[in-house]
Amino acid sequence: MGKIKTIKDYLSESSFFEGMKDDHLELLSGCGGIQHFKPGDFLIKEGEEANSFYLILRGEIAVESYAPASGPIMLSRSGPGEVTGYSWLFPPHRNQFDSRALTKVDAIHLDGKCLRGKADNDYELGYHLMKRFAQLVLQRMHNTHRQMLNVYGTEQQVDTSGQ
Amino acid sequence: MTPAVNKKNPMLPFPCRVIETREEISGCLSLVLRSEDNAELSFMPGQFYMLYVFGHGEVPISVSGFSSETDRLVFTIMNVGSVTRALCTVQVGDTVGIRGPFGSTWPLEQAKGRDVLIIAGGLGLAPLRPVIYHLISHADDYGDITLLYGTRSTDTILFQDELAPWDKLDCMQVLVTVDSAGPDWTGHVGVVTELIDKAVFNPSQTTALTCGPEIMMRFTVHALLDQSLKSSDIFVSMERNMKCALGICGRCQYGPHFICKDGPVLRLDQVDHLFKVREV
């Protein structure tokens, strides 16, 4: 019979937490637990206090914003190995978008409030968390800027003269 | 059959009959043309023809159909200007003038035995479709084929009815992304460069072909180089204002290249220094 994986095992296998010290992974896993979601369930809800983030183990989630006229607008999509939620780390700790399960989702829920406390007491842990989330935020910001640019434009390959 | 191109006077348009029109997406039409005297209409994937709408003018349009079909040519045209507007209103039975084929081709020989990564943005999928057809019909000569396609929204996905059958082929994987979508969309959301991180490929065994607006190709090229692809294994299809299509008038000059003659398909190491120069 195979060994049952612990939260720490999942975290140490994830590329997001790659390179983190063993005792930091131990601290992180103390704030984590596995959660299961059905399609349509919200992992994170816009406007609510941001006290958690998720490492997706299985399934797909959408980051969305709801517009009354058109319903949910999908802004990005994430799958296994990816992290959703970073508002927990930065004041005012309020979720700006929804994260909703598109399929059955298994994810590690990490309690941001618990982590913020641990990071305040251990600056090295705080630095490593901040470094990883800053990279994630930077990547999302670059992607968002490109989405805003409309890189597929109206200028087209096949009509090169605009004539 | 004799070739359609007029060797004596390549500036002279050759009359073709519109035999079919098909609206692909809003404002975008595919035209199927056949020569009025059954002349051979050949091209290699990546090449373009000059399409002449009498009374309106001429535009360069890449061929988007099968290169193995020599009795017809397919062009996919977005209504973005006066000539393309006129092209988008032609009817079956109308006559359109053509000159060509012109320009360089996608590197079908160089890519043999290697995986092929195709990255298309918006209407840039149209000039890549002939190469996809070729790769599928000669799948034994190539490794894995991956198509990464990005477009603005689910309403602007080109050749939508072909993407799913392509993805079902053993030799091919298709990933489509849009900038934003409603809840029914099951594909990816984000810019096409994000798909490069999700696609599995061996950089040393992969030839990459990309086509789309230049800004999209610039970001794509950066992402491919970040994945350790060599610039000599990356090919881009450039666009500039083409007029004569013969490398004479100089209107499509891009640094030392004439896009109509040396391009439109160029190896990245031929042009990467120009990518960094503004207003070239």
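Just so it is clear, the model here is predicted, and its values are computed rather than measured. (Residues numbered from 1 in each chain as written. Chains lettered and ligands numbered in written order. Predicted model: local features only at pLDDT ≥ 70, side-chain atom pairs only at ≥ 80, totals over all residues. Heavy atoms only, no water.)

(A) Quick look at the pattern of salt bridges. Tallied over the entire structure, the rule returns 23 salt bridges over all chains. The shortest N-O distance in the salt bridge between glutamate 13 of chain A and lysine 5 of chain A comes to 2.8 Å. Given a relative accessible area of 40%, lysine 5 of chain A falls into the partly exposed group. When the shortest N-O distance is used, the salt bridge between arginine 72 of chain B and aspartate 71 of chain B registers 3.5 Å. Take aspartate 71 of chain B: its relative accessible area is 31%, and that puts it in the partly exposed class. In the salt-bridge network here, residues are joined through shared partners; they are Lys8, Asp22 and Glu26 of chain A. (Salt bridge = Lys/Arg side-chain N within 4 Å of Asp/Glu carboxyl O. Buried < 20%, exposed > 50% of the residue type's maximum accessible area, 1.4 Å probe, protein only.)

(B) Structural detail: the packing of aromatic side chains. Within the structure shown, the criterion is met by 12 aromatic pairs over all chains. Consider the rings of phenylalanine 53 of chain A and tryptophan 88 of chain A, whose centres lie 5.0 Å apart with planes at 15 degrees: the pair is stacked. Placement of the pair is phenylalanine 53 of chain A in strand S3 (residues 52-58) and tryptophan 88 of chain A in the loop between strand S6 (83-84) and strand S7 (98-101), with a sequence separation of 35 residues. The interplanar angle of 80 degrees and the centroid separation of 4.9 Å between the aromatic rings of phenylalanine 53 of chain A and phenylalanine 133 of chain A together place this pair among those described as edge-to-face. Of this pair, phenylalanine 53 of chain A sits in strand S3 while phenylalanine 133 of chain A sits in helix H4 (residues 123-149), and the two are 80 residues apart along the sequence. An identical accessibility class is assigned to phenylalanine 53 of chain A and phenylalanine 133 of chain A; each is buried. A cation over an aromatic ring shows up here: arginine 129 of chain B above the ring of phenylalanine 159 of chain B, its NZ or CZ 3.8 Å from the ring centre. We note arginine 218 of chain B situated over the ring of phenylalanine 219 of chain B; from NZ or CZ to the ring centre the distance is 5.8 Å. (Phe/Tyr/Trp six-rings, centres within 6.5 Å; stacked < 30°, edge-to-face > 60°. Helix = DSSP H or I, 4+ residues; strand = E, 2+ residues; numbered from the N terminus. Lys NZ or Arg CZ within 6 Å of the ring centre and 35° of its normal.)

(C) Seen up close, the state of the cysteines. For the coordinates displayed, the defined rule picks out 1 disulfide over all chains. Here cysteine 31 of chain A engages in a disulfide with cysteine 114 of chain A; their sulfurs sit 1.9 Å apart. Looking down the S-S bond of the cysteine 31 of chain A and cysteine 114 of chain A bridge, the torsion is -55 degrees, so its handedness is left-handed. A residue pair is termed long-range when its members are at least 10 positions apart, and cysteine 31 of chain A in the loop between helix H2 (22-29) and strand S1 (32-37) and cysteine 114 of chain A in helix H3 (residues 112-121) qualify at 83 residues. Sulfur of cysteine 211 of chain B: no disulfide; nearest cysteine sulfur belongs to cysteine 28 of chain B and is 13 Å away. Look at cysteine 211 of chain B and you get buried, because its relative accessible area is 0%. (Disulfide = S-S within 2.5 Å.)

(D) Summary view of the environment of phenylalanine 75 of chain B. All names here are of chain B. Looking at where phenylalanine 75 falls in the secondary structure, it is placed in strand S5 (residues 73-78). Distance from phenylalanine 75 to aspartate 170, taken between C-alpha atoms, is 28 Å for residues 95 residues apart in sequence. Discounting residues that sit within four places of it in the chain, phenylalanine 75 has contacts with Leu29, Ser30, Leu31, Leu33, Tyr49, Leu51, Ile61, Ser62, Val63 and Ser64. (Contact = heavy atoms within 4.5 Å.)

(E) Region of interest: the interface of chain B and chain A. With 55 residues of chain B in contact, the opposing surface of chain A contributes 27 residues. Of the roughly 3,300 Å² buried between chain B and chain A, counting both surfaces, carbon and sulfur atoms make up 53%. Summed over the shared surface of chain B and chain A, the result is 1 salt bridge. Connecting chain B to chain A are 9 residue pairs in polar contact (both at pLDDT 80 or more). Counting only elements with at least two residues in the side of chain B that touches chain A, the list comes to strand S4 (57-62), S5, helix H1 (82-87), helix H2 (125-137), strand S8 (145-151), strand S10 (188-189), helix H4 (192-198) and helix H5 (214-226) of chain B. (Buried area = accessible area lost by both parts, 1.4 Å probe. Polar contact = N/O pair within 3.5 Å; in protein donor to acceptor, adjacent residues only side chain to side chain.)

(F) How the structure looks around the confidence of the model for chain B. Across chain B, pLDDT averages 91, with 97% of residues at or above 70. Here the predicted complex carries an ipTM of 0.73, next to a pTM of 0.86. (pLDDT = per-residue confidence, 0-100.)

(G) The packing of H3 of chain A against H4 of chain A, seen in detail. Residues and elements named next belong to chain A. One can describe the packing of H3 onto H4 by two numbers: an axis separation of 5 Å at closest approach and a directional angle of 125 degrees. By the angle between their directions, the pair H3 and H4 is classed as oblique. Residues Lys118, Ala119, Asp120 and Asn121 of H3 lie in contact with H4, whose contacting residues are Tyr123, Leu125 and Gly126. For the contact of H3 with H4, the class distribution of residues is 3 nonpolar, 2 polar and 2 charged. (Axes fitted to C-alpha atoms, helices over the stretch in contact; angles between N-to-C directions. Parallel < 35°, antiparallel > 145°, perpendicular 65-115°, else oblique. Nonpolar A, V, L, I, M, F, W, Y, C, P; charged D, E, K, R; others polar.)

(H) View of the domain arrangement of chain B. Residues and elements named next belong to chain B. In terms of domains, chain B is made up of domain 1 (14-102) and domain 2 (115-275). Between the C-alpha centres of domain 1 and domain 2 the distance comes to 22 Å. Each partner contributes to the interface: domain 1 provides 21 residues, whereas domain 2 provides 21 residues. With both sides pooled, the region where domain 1 packs onto domain 2 buries about 1,600 Å², and carbon together with sulfur makes up 68% of that total. Sorting the residues of domain 1 by area buried against domain 2 places Ile25, Phe48 and Ser64 first, and these three jointly supply 26% of that buried surface. Put simply, domain 1 and domain 2 have 3 residue pairs in polar contact (both at pLDDT 80 or more) between them. (Domains from an automatic or database assignment.)

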